[in-house]
Amino acid sequence: MSGDAAKDARLAGLRRAAAVLAAFDPVTLAPADGGATTTSGLELLPELVRVSRSGAAQWSLPTGGRQRELQRLGSRAAMRAALAANPERVQSPAQQMFERLLADDAAPLRLSQLDHEELAALLPVSQWLAGIVADVPRAEEVRAEIERRAEEVALRRLADEFFVGREGELQQLGTHLAGTGEGPPILFLCGPGGSGKSTLIARVLLDWPAERGEARRLRTYIDLDHPACSPEQPLSILTLIAGQLVRQDRSLERLSAGLADRITRASNALDDQAFELAIDRQGLLDDAIRWFTRLTGNTAMSLIIDTFEEAQFLGEEVETLLMRFLAELTRANPHLRVLVCGRVPPRGAAAESCTVLALPDLPQPAAAELLGRTLAVQPAVAPVEAAIVADLAARLGGNPLTLRLAAPLIAREGAARVAADEGWLGNIHAEAFQARLYARTLGHIHDPDVARLAVPGLVVRRVTPEVVREVLATPCGLGAISERRAQELFDGLAREVALVQRDGDGSLRHRGDVRRAMLAGLPPPLTATAREIDARAVAYWFDKPGPTARAEEIYHRLRLEHSIDVLEDRWDPEAAPLLRGALEELPPASGARMWLAGKLSVSVSPEERAQVELAAWEQQAARTARRLLGAGQAQEALKVLRERSERTAASPVDLLEARALLQLGLVTSASEVLLDAESRLHPGDPERAVELFLLMAWAAERSRSDDALAYLDKASRWSEGSSDPLLVLQVKVRRLRVLRRQRRMDEAQTEQEQIDRLLSQIQWNKLAGRPSLVRELAAEVGERNPDWLAAAVDLLGDDAFDAIGRKELVAFIDSLSHVGQDDLAARYKNDHELRQFARKRIREGIYGERAISVARKTSELFKRSVDILQHAELEAPLHRPTQLRSMMESESARLSTLVVYAFTIDQLRAICREALSVELEAIVSRPADRSRLVAQLLRWVTDREMLDELLRGLITAAPSQVVRHELASLLAALERPR
């Protein structure tokens, strides 16, 4: 026995003991085999991870090693025996849960009956025991339950006990989301901050009915402020929708496989050089809509989109594209109802596809009830007469936030005295009213030094003890103060919860709902103080590291109107999310606002665009046009780009205008725009020149002109001045393609050798954001560079076969492995799995005995893909099965009879799994007889337009030639229109 084998044998008992303990002390660990040993648990230390850093040392086996040992133990009895070796083990929650699951007589766990601590303990244990013992909940199910509980806690925090006066709106929203109301399937709920939108949504979600089976209604809630959600890329919403739907129905997991990966690739694509990108994304959008239809079918479903102001913030075109996308989803599933929530109504074309419900102020009785309840919970407040409460509510108005802010102030000043003062705060707009309440609150701050900090201190967005000492103290008249006094003032300010809120890092920020109104109303003496605070804040944050420091420094520089050059020099992209609120504080059409809008990827309104100088207009128009082109809206992009006719020397507008024209098929017009742009090229911008000549070459190829190579030669010369090796590679691969098509093989050979050298010098993962370049390289050099071809297939993932029709892809796979096209088509009804299988066959073939043949065929497939995308002659999309007409009643009865009498339940279960990517039990609700089961199955596939897949699956699995012939005849009849 070798030394390593002997050591493994010696440590085996210790590993088995460690596998059944959540945590342990290696010094006292006893082996599970029960025999005497001189081996110490300390010998396991290199294999362990520390799980406790306080008190006694605690260690644990990592999950992978634990699973291997538990697999060797294999049964609950063996695991219980291993536990007996260490009777004095630590009884942590995870250990208790583990032992609970090992009991033979234990009832299966019901996740809904476990508390939060038990769920947290179950999560790792479910991973340890996965696939080893029965009746253990899956980790995904446990995680979903934990997320559901966290969501419920957050909702209950919003839907507080002071929910009053919104019963009518609550009923209206419930009726809409239940699909029982009239009007468009999209309802837009709008209201200013503090009007109660979030509370109303929370109540809707908490009151959601818990029906099951056919009566259930799936629901999804998407907050556009979620880090994983990008409003300008609507497909990112689908990945969040898919995750929530799968949590509600695990049977949808296979159907949703693959799309999230494709959406992520598309979202991360940096491929501005590729005209084909818009075609790729449009194809992906079509596939995504098709996927959504399959995933939800005619299932009743509700979708809530919250914080829509995040989309409106980015620009009107983002708002419009997102609303159009939501409208597409409602067309894909007629039973889908959408509720969109934002602060202001939708603008322009976005308003065409929805009904708007503006959330009004609370009616006077409800406002009085809310004020009365809020007053009642204030400390040391005597009961207030109902008449006084009603009078105060009438004067305060019906904004819930105003009422909540006013309550503690009324309690301090005395309700009767406030009611007797006719001029108390006046009758003004809610936001200004809230600002006045803020100012009035200052009079009740006990420490006068804290009060002196409060109003000028509004200038800073983030308050810490150091900011109090270094930035605020002197301008606010406190002079030099000690660190201790700064901490006391900070703590005093933190207690004024009506003025400030504490952030997660412990710092304070002033309430955003009134801060802007207060700043706008600063009197002239305080304006001078504010500028001094801004200057001191710039100096304070200047040498501090991190995005937070950069955001605060840049914010105060913007207020001081520092030059764009200075702002650029101090810019940090990671600071961008922290500066979103600053945009609203900058004057419209100002240089600072245009600069920050650019950094935040915000498109300003057409009215504001019209006021700015030419260079700023070009940047804004270009941003808007890129978004529209990416969504296939070339005509709308062209309208924006032609708002002005003047151009700067390095204008980004020309090339985008040409792209829009090319998308519209106006090749001659595009060429004229490009020729005009060529006349204004200057030596200092090689990247723009290369992009221009690539577009000119593309237009020449499309019009079958002989000028394509001449333009590519110009692009090649300009690329020598570029520092981007990928740009050089793009030019060379385009040039190689044209040389190959013109059969200039000697020149093509030289170009290919140069490309091979470049590829050997580039880290291939850097090409992940350039899908069209990867595709072209696979087409042009893949045959002689199989390693690159394999890498390209992995880099592109499912997108490698975007332009290839299903039949063509099946034929390609068959040519590699001779599996049989009928068998392939029947086995891989799920397109994601078919593409995965194709990638697997390519990788195996490239490194197998038929490497040369596989590389040649794969390269030819990529050539075909590039050609389709270049000319936008997309074939029948890969993800669409044959569109069958609706069955007549006689045909439906015929099919139902065939299925009932020819197939067993087990056969139908296998067909659903293989052909539909779903479990039969997820479709049917345990009917008493097979006829009803088949009826439910047929209704399910018909609703999801998946009858084609079911019929082909039935044909493949048919028990006799007669049944197969009957099914094939029916399929052929349904493929023909009546």
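In the block above lies the structure referred to throughout.
Residues numbered from 1 in each chain as written. Predicted model: local features only at pLDDT ≥ 70, side-chain atom pairs only at ≥ 80, totals over all residues. Heavy atoms only, no water.

(A) Highlighting the overall build of the protein chain. From N to C terminus, the protein chain includes 48 helices and nine strands. Burial status across the protein chain gives 52% buried among its 978 residues. In the protein chain, the proportion of contacts linking residues at least 24 apart, taken out of those at least 6 apart, comes to 69%. Here the protein chain has roughly 43,700 Å² of accessible surface; of this, 51% comes from carbon and sulfur atoms. (Helix = DSSP H or I, 4+ residues; strand = E, 2+ residues; numbered from the N terminus. Buried < 20%, exposed > 50% of the residue type's maximum accessible area, 1.4 Å probe, protein only. Contact = heavy atoms within 4.5 Å. Areas by Shrake-Rupley, 256 points an atom, 1.4 Å probe, with all protein chains shown as cover.)

(B) Structural detail: the nonpolar core. Grouped together as the largest cluster of nonpolar side chains are 153 residues, with contacts concentrated most on Ile241, Ile305, Leu329, Leu767, Leu777 and Trp788. At 11 residues, the largest contribution of residues to this core is made by helix α33 (residues 686-702). When residues no more than four places from it in sequence are discounted, the contact partners of Ile305 are Ile222, Leu224, Ile237, Leu326, Val338, Leu339, Val340 and Cys341. Within the second largest apolar cluster, 41 residues are counted, among which are Leu44, Phe98, Leu102 and Val133. (Core = buried A, V, L, I, M, F, W, Y, C linked by side-chain atoms within 4.5 Å.)

(C) Here's a closer look at the side chain of Arg609. Its location among the elements puts Arg609 in helix α28 (residues 606-609). By relative accessible area, Arg609 is classed as buried at 3%. With residues up to four places along the chain from it excluded, the contact list for Arg609 reads Val604, Trp617, Gln620, Ala621, Thr624, Val640, Glu643 and Arg644.

(D) Region of interest: the sheet that holds strand β6 (residues 336-342). Strand order in the open sheet formed by five strands is β4-β5-β6-β3-β7, and the pairing between neighbours is parallel. A strand with exactly one partner marks an edge of an open sheet, and here the two such strands are β4 (218-223) and β7 (355-358). Neighbouring strand axes in the sheet, compared pairwise and without regard to direction, differ in orientation by 15° on average. Across four bridges, the pairing between strand β3 (residues 186-190) and β7 is parallel. (Pairing = 2+ DSSP bridges. Axes fitted to C-alpha atoms, helices over the stretch in contact; angles between N-to-C directions.)

(E) Representation of the side chain of Thr529. For Thr529, the location among the structural elements is in helix α24 (residues 524-542). Taking the relative accessible area as the measure of exposure, Thr529 reaches 15% and is therefore buried. Not counting residues within four places of it along the chain, the set of residues in contact with Thr529 comprises Pro456 and Pro475.

(F) Structural detail: the packing of aromatic side chains. All chains considered together, the criterion is met by five aromatic pairs. Note on Trp764 and Trp788: the rings are 5.3 Å apart at their centroids and 80° apart in plane angle, and the pair reads as edge-to-face. Note that Trp764 is positioned in the loop between α36 (745-761) and α37 (771-781) and Trp788 in helix α38 (residues 786-796), a separation of 24 residues in sequence. Exposure remark for Trp788: the relative accessible area of 0% places this residue in the buried category. Of note, Arg461 hangs over the ring of Tyr555, and the distance from its end group to the ring centre comes to 4.6 Å. When the ring centre of Tyr540 is taken as reference, the NZ or CZ atom of Lys544 above it lies at 4.0 Å. (Phe/Tyr/Trp six-rings, centres within 6.5 Å; stacked < 30°, edge-to-face > 60°. Lys NZ or Arg CZ within 6 Å of the ring centre and 35° of its normal.)

(G) Quick look at the pattern of salt bridges. Overall, the coordinates contain 50 salt bridges when judged by the stated rule. Taking the shortest distance from any N to any O, the salt bridge between Glu47 and Arg15 comes out at 2.8 Å. Of this pair, Glu47 sits in the loop between α1 (3-19) and β1 (49-52) while Arg15 sits in helix α1, placing them 32 residues apart in sequence. One salt bridge connects Glu776 with Arg737, and the closest N-O pair in it is separated by 3.0 Å. With Glu776 in helix α37 and Arg737 in helix α35 (residues 725-741), this pair connects stretches of sequence that are 39 residues apart. Like Arg737, Glu776 is buried. The network of salt bridges with shared partners includes Arg642, Arg647, Asp654, Glu657, Asp676, Arg680 and Arg688. (Salt bridge = Lys/Arg side-chain N within 4 Å of Asp/Glu carboxyl O.)

(H) Quick peek at helix α21 (residues 465-472). Taken together, the buried positions of α21 are Val467, Val468, Val471 and Leu472. One side of α21 holds all its buried residues, which, seen down the axis, span an arc of 110°. (Arc of directions from axis to C-beta.)

(I) Main features of unusual backbone geometry. Unlike most non-glycine residues, Asp135 shows phi in positive territory, near 60°. Within the secondary structure layout, Asp135 lies in the loop between α5 (116-128) and α6 (139-158). In the Ramachandran plot, Thr307 falls in the positive-phi region, its phi being about 55° despite a non-glycine side chain. Locating Thr307 in the fold gives a position in the loop between β5 (301-306) and α13 (309-314).

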